[in-house]
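# Descriptive analysis of the structure
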Amino acid sequence: MTRLLIVEDIPAYQQFLGQLASSSKITHCDCAGSLAEALMLAEQNEYDLALVDLGLPDGNGRDLIHYLRKNHPDTEVMVLTIFGDETNVLSAIQAGARGYLLKDTPFEKIEEAIESQLAGGAPMSAAVAAHVLNQIQVGTQTPLNNPLTNRENEVLVLLAKGLKTSEIGSAMGISHYTVNDHIKAIYRKLEVSSRCEAVFEANQQGLL
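In what follows, the accompanying structure is described. Computed from a predicted structure; not experimentally measured.

Right, let's get into the overall build of the protein. From N to C terminus, the protein includes 10 helices and 7 strands. A compact globule built from 208 residues would reach a C-alpha radius of gyration of about 17 Å, and the protein, at 18 Å, matches this within 12%. Along the first, second and third principal axes, the C-alpha atoms of the protein reach 50 × 30 × 30 Å. Counting all 208 residues of the protein, 45% fall into the buried class. Considering only residue pairs separated by 6 or more positions, the protein has 64% of its internal contacts joining residues 24 or more positions apart. Carbon and sulfur atoms make up 49% of the accessible area of the protein, which totals about 10500 Å². Between the centroid of the 15 positive side chains of the protein and the centroid of its 26 negative side chains there is a distance of 8 Å.

Shown next, in the form of C-alpha cells:
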C-alpha cells in the first residue's frame, strides 16, 4: 500500500497524475502546486513516493528532493518533468532522486515506473539514461584501492550500461540470484542504496 505525494504546478497535468490515486495500491494521495506547499505537506506527512516536477513557480523541485533525502530517507523520489538536459538530470539524481521520467511518458508507463521504483528499480526515460551513461568513463585499469572483486566490477559495468538483473545474468552466465548477491555487495562496499548512486560513486572513485 502506497502513500503518494504529487508535486506539479500545472492543474491539467496534476489532474492527469491524480488518476494514480484510483490505483488499489495507492492508499493516500496529496497534491501540491508549489515548492512551499510541498514542503509543508512533507513536514506533516510520511510518503512512500513523491512525484516531483523541477520547474515550480516558487523554486526548484530539487530543493524538495534535498529535504526528503535528509528528513525522510525512506521516501522514494521520482522526477517527472519537461527538463531532460544533462544539468537537471544529474543534479536531481545527486540530490536523491532515483527515478527520472519526462512528461511525454505515457500514463501506463508512469504506472509501471512507479511499481518498478517501489520494488527497488531506478526507472528512467531513455534520453535521461543516456545523460547518466555519458558521465561514465570506462577505464582499462583498475585502481589499486578498488574495494570490488573482479566479478563485482563486471556486474557494475553492466549495471552502468542499464542492463536488467536478468540481462546481466545472461551476459555473465550466472543466475539472477547470484547477480543480486553481487549487487548487494557493491552497494555495501560503495555505501550506496541504488543503481544510480552506485554508478555515480564508482565514477567518482575512478572505478568506471
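A word on the pattern of salt bridges. With the rule as written, the count across this model stands at 8 salt bridges. Between K103 and E8 there is a salt bridge, and its shortest N-O distance comes to 2.7 Å. Of this pair, K103 sits in the loop between strand 7 (99–102) and helix 5 (107–118) while E8 is found in the loop between strand 1 (2–7) and helix 1 (11–18), placing the two residues 95 residues apart along the sequence. By the burial criterion, K103 is buried, and E8 matches it. A salt bridge links R98 to E76; its shortest N-O distance comes to 2.5 Å. Of this pair, R98 sits in the loop between helix 4 (86–95) and strand 7 while E76 sits in strand 6 (residues 76–81), placing them 22 residues apart in sequence. Note on E76: relative accessible area 18%, which makes it buried.

With that settled, consider the nonpolar core. Formed by 31 residues in total, the largest nonpolar core has its most connected members in V7, V52, L64, I65, V79, A92 and Y100. The leading source of residues in this core is helix 4, at 5 residues. Residues in contact with V79, not counting those within four places in the same chain, are V52, L54, I65, A92, A97, G99, Y100 and L101. Formed by 17 residues, the second largest nonpolar core is a distinct cluster that contains L158, I174, I186 and A198.

Along strand 1, 5 of the 6 residues are buried, which leaves the element largely enclosed by surrounding structure. As defined by bridge partners, strand 1 adjoins strand 2 (residues 26–32) across 6 bridges and the pair is classed as parallel. Within strand 2, the residue paired with I6 across the bridge is C31.

The topology assignment puts L158 in helix 7 (residues 150–160). With 13 residues separating them in the primary sequence, L158 and A171 have C-alpha atoms 8.8 Å apart. When sequence neighbours within four positions are dropped, the list of residues in contact with L158 reads L163, I168, A171 and M172.

Strands sit in the order 2-1-3-6-7 across an open sheet of 5 strands; the sheet is parallel. Of all strands in the sheet, those bounded by a partner on one side alone are strand 2 and strand 7. Averaged over all pairs of adjacent strands, the angle between strand axes in this sheet comes to 20 degrees, irrespective of strand direction. Pairing geometry for strand 6 and strand 7, over 4 bridges, is parallel. Pairing of V79 across the sheet is with Y100, part of strand 7.

Following both chains from N to C, one finds helix 7 and helix 9 (residues 176–190) inclined at 90 degrees, their axes separated by 9 Å at the closest point. On the basis of their axis angle, the class for helix 7 and helix 9 is roughly perpendicular. Mapping the contact onto sequence places R151, E152, V155, L156 and L159 in helix 7 and H182, I183, A185, I186 and K189 in helix 9. Grouping the amino acids of the contact of helix 7 with helix 9 by side-chain chemistry returns 6 nonpolar, 1 polar and 3 charged.

The rules behind each value
Residues numbered from 1 in each chain as written. Predicted model: local features only at pLDDT ≥ 70, side-chain atom pairs only at ≥ 80, totals over all residues. Heavy atoms only, no water. Helix = DSSP H or I, 4+ residues; strand = E, 2+ residues; numbered from the N terminus. Rg over C-alpha atoms; globule rule 2.2 N^0.38 Å. Buried < 20%, exposed > 50% of the residue type's maximum accessible area, 1.4 Å probe, protein only. Contact = heavy atoms within 4.5 Å. Areas by Shrake-Rupley, 256 points an atom, 1.4 Å probe, with all protein chains shown as cover. Lys, Arg positive; Asp, Glu negative; His and termini not counted. Charge placed at Lys NZ, Arg CZ, Asp CG, Glu CD. Salt bridge = Lys/Arg side-chain N within 4 Å of Asp/Glu carboxyl O. Core = buried A, V, L, I, M, F, W, Y, C linked by side-chain atoms within 4.5 Å. Pairing = 2+ DSSP bridges. Axes fitted to C-alpha atoms, helices over the stretch in contact; angles between N-to-C directions. Parallel < 35°, antiparallel > 145°, perpendicular 65-115°, else oblique. Nonpolar A, V, L, I, M, F, W, Y, C, P; charged D, E, K, R; others polar.

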